[in-house]
Amino acid sequence: MVTGAASGIGRACALALSAEGAFVHVVDRSRAAAQRLAEEIGGVAHLVDLSVPDAVDTLPDDADVLVNNAGLQHVAPLHSFPPERFAFMQRVMVEAPFRLLRRTLPRMYERGWGRVVNISSVHGLRASPYKSAYVAAKHALEGLSKVVALEAAAHGVTSNCVSPGYVRTPLVEEQIAAQARAHGMPEEEVVSRVMLERTALKRLIEPEEVARAVVWLCTPHADGITGISLPLDGGWTIR
Ligand code: NAD
């Protein structure tokens, strides 16, 4: 089961897991894109708004791989950050993963095998200004993932985070355009001077690179790995 699977990183994860033989539950609020992807990979689309807490109860409880990926960004100084937007982001990026874990872990425990991969971010490990809700949510997701790692280990279930820097997806393309307008800069300069200022590798990460890491965490090669955060960040977190 992949949340936010209709676009960007989630879509790449659904495609990569399907290519490895998984039957994929495509969870998203975007109807047309989710249905198109489900048809393409022979999975099933679930049209769910994860900001509605009970919505999770309509999803299957028998996933053996859960990729908590759905997320969104809002950039504003803390003193003018809309509280309702803050709460909305925590519901989608923290409460929905919690509720999905509550729902799916029992069946994983019954089977004695399960893989939880949470798509965190470099912002689960580092802060940036103006991203209070996002940084708070991703730090919370990192903590949640570690608790699951401890509770689930005895049941053959691992829980890890993959924590990317900037990935070339619609979420980031919108941010590039907005920052170019705000700084009066060409978009290429926003990428090289603003977004990649802190990274050693001066390029965006591709969604497929994140998906390969997710797939790897679900293979027997990664059976001994749990509770980690795998930074896929071009060296952002070195310093
Ligand atoms: P994206 O905007 O391309 O895709 C996000 C998907 O989540 C969309 O299909 C959207 O419909 C879905 N979604 C959002 N809110 C939802 C809701 N309430 N209910 C159901 N579905 C919902 O974004 P992306 O860049 O692919 O981001 C995916 C994840 O990766 C997010 O958690 C994001 O924080 C994380 N991430 C992204 C980057 C990046 O640079 N793009 C970096 C680090 C982490």
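Going by the annotation in an unreviewed UniProt entry, the name recorded for the protein is 3-hydroxybutyrate dehydrogenase, with Streptomyces yunnanensis given as the source organism. The Sequence similarities (unreviewed entry) comment attached to the protein in UniProt states, word for word, "Belongs to the short-chain dehydrogenases/reductases (SDR) family."

Asker: Lay out the overall build of the protein in plain terms, naming residues and giving numbers.
Answerer: A tally of regular secondary structure across the protein gives seven helices and seven strands. Its helices and strands taken in sequence order, the protein reads β-α-β-α-β-β-α-β-α-β-α-α-α-β from the N to the C terminus. Here the protein has a C-alpha radius of gyration of 17 Å; the compact-globule value for 239 residues is 18 Å, and the two agree. Seen through its principal axes, the protein has C-alpha atoms that stretch 55 × 35 × 35 Å. Counting across all 239 residues of the protein, residues that qualify as buried make up 52%. Across the protein, contacts joining residues at least 24 apart in sequence account for 66% of those joining residues at least 6 apart. Carbon together with sulfur atoms contributes 55% to the accessible area of the protein, which is approximately 11,100 Å² in total.

Asker: Just give me the short version of the pairing of strand β5 (residues 114–119), but keep the residues and values in it.
Answerer: Most of β5 is tucked away: six of the six residues are buried. Pairing between strand β4 (residues 65–68) and β5: four bridges, direction parallel. Bridging across to β5, Asn68 finds its partner in Asn118. Crossover β4 to β5 through helix α3 (residues 83–111) is right-handed. For the handedness criterion, the β-α-β arrangement of β5, helix α4 (residues 132–152) and strand β6 (residues 157–164) is classed as right-handed.

Asker: Let's hear about the site of the ligand: which residues, and what values?
Answerer: Taken together, 28 residues surround the ligand, and among them Ser7, Asp28, Tyr134, Val167 and Thr169 come closest. The contact in question runs from a nitrogen atom of the ligand to an N or O atom on the side chain of Asp49, over 2.9 Å. Separating an oxygen atom of the ligand from a backbone N or O atom of Asn69 is a distance of 2.6 Å. Calculation on the ligand without its partners gives an accessible area of 820 Å², and the protein chains cover 94% of this total. Elements that contribute at least two residues to the shell around the ligand include exactly α1 (8–19), α4 and α5 (170–183).

Asker: Please provide a residue-by-residue account of the packing of aromatic side chains, values included.
Answerer: This model, assessed by the stated rule, comprises two aromatic pairs. Taking 6.4 Å as the distance between ring centres and 85° as the angle between the ring planes, the aromatic pair formed by Phe81 and Phe86 counts as edge-to-face. When its relative accessible area of 31% is taken as the criterion, Phe86 is described as partly exposed. On the numbers, 5.8 Å between centres and 40° between planes, the contact of Tyr166 with Trp236 is tilted. Of this pair, Tyr166 sits in the loop between β6 and α5 while Trp236 is found in the segment after β7 (229–232), placing the two residues 70 residues apart along the sequence. Look at Tyr166 and you get buried, because its relative accessible area is 12%. With relative accessibility at 4%, the residue Trp236 sits in the buried group.

Asker: Lay out the side chain of Thr169 with the relevant residues and their values.
Answerer: Within the element layout of this structure, Thr169 appears in the loop between β6 and α5. By relative accessible area, which is 9% here, Thr169 ends up buried. Setting aside its immediate chain neighbours within four residues, Thr169 contacts Gly8, Ile9 and Pro207.

Asker: A description of a negative patch on the surface should follow, citing residues and the corresponding values.
Answerer: On the surface, Glu173, Glu174, Glu187 and Glu188 cluster together into a patch of negative charge. Elements with a contribution of two residues or more to the negative patch: α5 and α6 (187–195). You can see Glu188 is positioned in helix α6. By relative accessible area, which is 58% here, Glu188 ends up exposed.

Asker: I'd like a rundown of the environment of Leu78, residues and numbers included.
Answerer: In this structure, Leu78 sits in the loop between β4 and α3. Among the residues examined, Leu78 registers a relative accessible area of 64% and is labelled exposed. Separated by 54 residues in sequence, Leu78 and Ser132 place their C-alpha atoms 6.5 Å apart.

Asker: Can you explain the environment of Lys146? Please cite residues and give values.
Answerer: Here Lys146 shows up in helix α4. Separated by 14 residues in sequence, Lys146 and Asn160 place their C-alpha atoms 7.4 Å apart.

Rules of the game
Residues numbered from 1 in each chain as written. Predicted model: local features only at pLDDT ≥ 70, side-chain atom pairs only at ≥ 80, totals over all residues. Heavy atoms only, no water. UniProt positions renumbered as here; feature names shortened; annotations may be inferred. Helix = DSSP H or I, 4+ residues; strand = E, 2+ residues; numbered from the N terminus. Rg over C-alpha atoms; globule rule 2.2 N^0.38 Å. Buried < 20%, exposed > 50% of the residue type's maximum accessible area, 1.4 Å probe, protein only. Contact = heavy atoms within 4.5 Å. Areas by Shrake-Rupley, 256 points an atom, 1.4 Å probe, with all protein chains shown as cover. Pairing = 2+ DSSP bridges. Right-handed = clockwise from strand over helix to strand, strands pointing away. Near = heavy atom within 4 Å. Polar contact = N/O pair within 3.5 Å; in protein donor to acceptor, adjacent residues only side chain to side chain. Phe/Tyr/Trp six-rings, centres within 6.5 Å; stacked < 30°, edge-to-face > 60°. Patch = residues over 30% accessible without salt bridge, like charges linked within 9 Å, V, L, I, M, F, W, Y side chains within 5 Å. Salt bridge = Lys/Arg side-chain N within 4 Å of Asp/Glu carboxyl O. Lys, Arg positive; Asp, Glu negative; His and termini not counted. Charge placed at Lys NZ, Arg CZ, Asp CG, Glu CD.

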